[in-house]
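Chain by chain, the residues run as shown.
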Amino acid sequence: MFSDFVRFASPEARKQLPENLNTLLTGGTPVKHNPVRDVFKKDGFFIKIDHRKFHTFTHEFSIALALQKAGFPVVGHLACGRYGRDNFLITRELENAVTAGEFLDSGNDKDDFITSFTALMQKWQDSKFFHNDPHFGNLLYVPEKNLPVLVDVHDIKQRLFSGKRRTDISRFIFNLRGKTSHATLLELWKKFHVTDPEEHFDRLLQLEIRRLKAEWKKRHDQLFSAYPKFSTRCGDWLVASSYKENFSGFPEETVPGAGTYFAASFFLTLFQIPHRRCIAVNCKNNSVRFEAELSGTPPETEAAHLLYQLRQCGFETENSDIRLRHNIAALNDISPIANALSSKFEG
């Protein structure tokens, strides 16, 4: 069914794939599911299936090949085409890669990443490409090679003018908020000719707050319905996806309104506020599992800036329990956010 409607990246790409491409659709591991698209992986490949009649992966496929030709690191796009009424895209799984966001949250040293990320942005600045959705879920990182790699490139376009290019670079850098010091973020912006980094930060922060507020109900519902990107069910437990392999190793405790702690931790994660994470909830018995208590004292300016961001989002918290998580200022006690989330944000 595939063979009459397939475009391959090259003869070499065709050789990497099974002779019968239909076998890739059988027994794969789900990665993402929604009414219009399914993503799963199998045998070292990622397969996207889009169920919309008139949607194709032609642009994403073509832009990936253009990026590769221009010398940008991008995941291997091997084939795209039709499958019955659906459209498909096949990419190669990148060995030992994690998203840039996952790496920066892992506690590993970040200096090498920031160096390679800055080099990528400098190359991007001199290119004709523009990214409409520059976030760290669209950037993979291979630590052993110190290599950032572009992925999910459907939101990349080609432009003739340089003004917008600086805009997407500054938004990419904004993703470092909550993952490195505020001072480091501002210094990076200066390298890319942002004349007033603090004002620029506030403007992007307000845009992020409006976006998150508009999306919150949808994201909240996805979290509690075990949407694979955010959470998974393990018996009676609902577990943050990044902890599904080891959540049982964290101590269980009972708290009133356990679900609000899980929601508050998810909210803070989306808002890129470092905190002691609530990684699992059992709503049947009001139990939660938290990361270990945080320790260490952050610089006063970094702690104050963390509280400033929360105030901008509507949380007038007096919470001074701010410690270090992976050497970044973080909330150790999220109960004020859990208690205020509904009235301060959803209302």
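Residues numbered from 1 in each chain as written. Predicted model: local features only at pLDDT ≥ 70, side-chain atom pairs only at ≥ 80, totals over all residues. Heavy atoms only, no water.

Visitor: Looking at this model, I keep getting lost on unusual backbone geometry. Mind explaining?
Guide: Across the chain, the bulk of peptide bonds are trans and the bulk of non-glycine residues have phi less than zero. Notably, Asn-96 is not glycine yet its phi reads approximately 65 degrees, a positive angle. Assignment of secondary structure puts Asn-96 in the loop between strand 6 (86–92) and strand 7 (98–99). A positive phi angle, close to 55 degrees, is found at His-326, a residue other than glycine. In this fold, His-326 is placed in the loop between strand 17 (322–325) and strand 18 (328–331). (Helix = DSSP H or I, 4+ residues; strand = E, 2+ residues; numbered from the N terminus.)

Visitor: Help me understand the sheet that holds strand 1 (residues 6–8), please; the structure alone is not making it clear to me.
Guide: Backbone hydrogen bonds are what pair the strands of a sheet, in a parallel or an antiparallel way. Strand order in this open sheet of six strands is 1-5-6-4-3-2, and the pairing throughout is antiparallel. A single partner strand is all that each edge strand has here, and the edge strands are strand 1 and strand 2 (29–33). In this sheet, neighbouring strand axes are inclined to one another by 15 degrees on average, regardless of whether the strands run parallel or antiparallel. When strand 4 (residues 45–50) meets strand 6, the two strands line up antiparallel, connected through six bridges. In the strand pairing of strand 6, Phe-45 is matched with Arg-92. (Pairing = 2+ DSSP bridges. Axes fitted to C-alpha atoms, helices over the stretch in contact; angles between N-to-C directions.)

Visitor: Looking at this model, I keep getting lost on the sheet that holds strand 12 (residues 231–234). Mind explaining?
Guide: With respect to topology, five strands assemble into an open sheet ordered 12-13-15-16-14, the strand pairing being antiparallel. The sheet terminates laterally at strand 12 and strand 14 (252–254), the two strands that pair on one side only. Taken over all neighbouring pairs, the strand axes of this sheet differ in orientation by 25 degrees on average, direction set aside. Two elements, strand 14 and strand 16 (residues 287–290), share three bridges in a ladder whose sense is antiparallel. Bridge assignment links Glu-253 to a residue of strand 16, and that residue is Val-288. Across the sheet, helix 8 (residues 258–270) is in contact with strand 13 (237–240), strand 15 (278–282) and strand 16; its angle to strand 15 comes to roughly 150 degrees. (Contact = heavy atoms within 4.5 Å.)

Keep in mind these values describe shape, not function.
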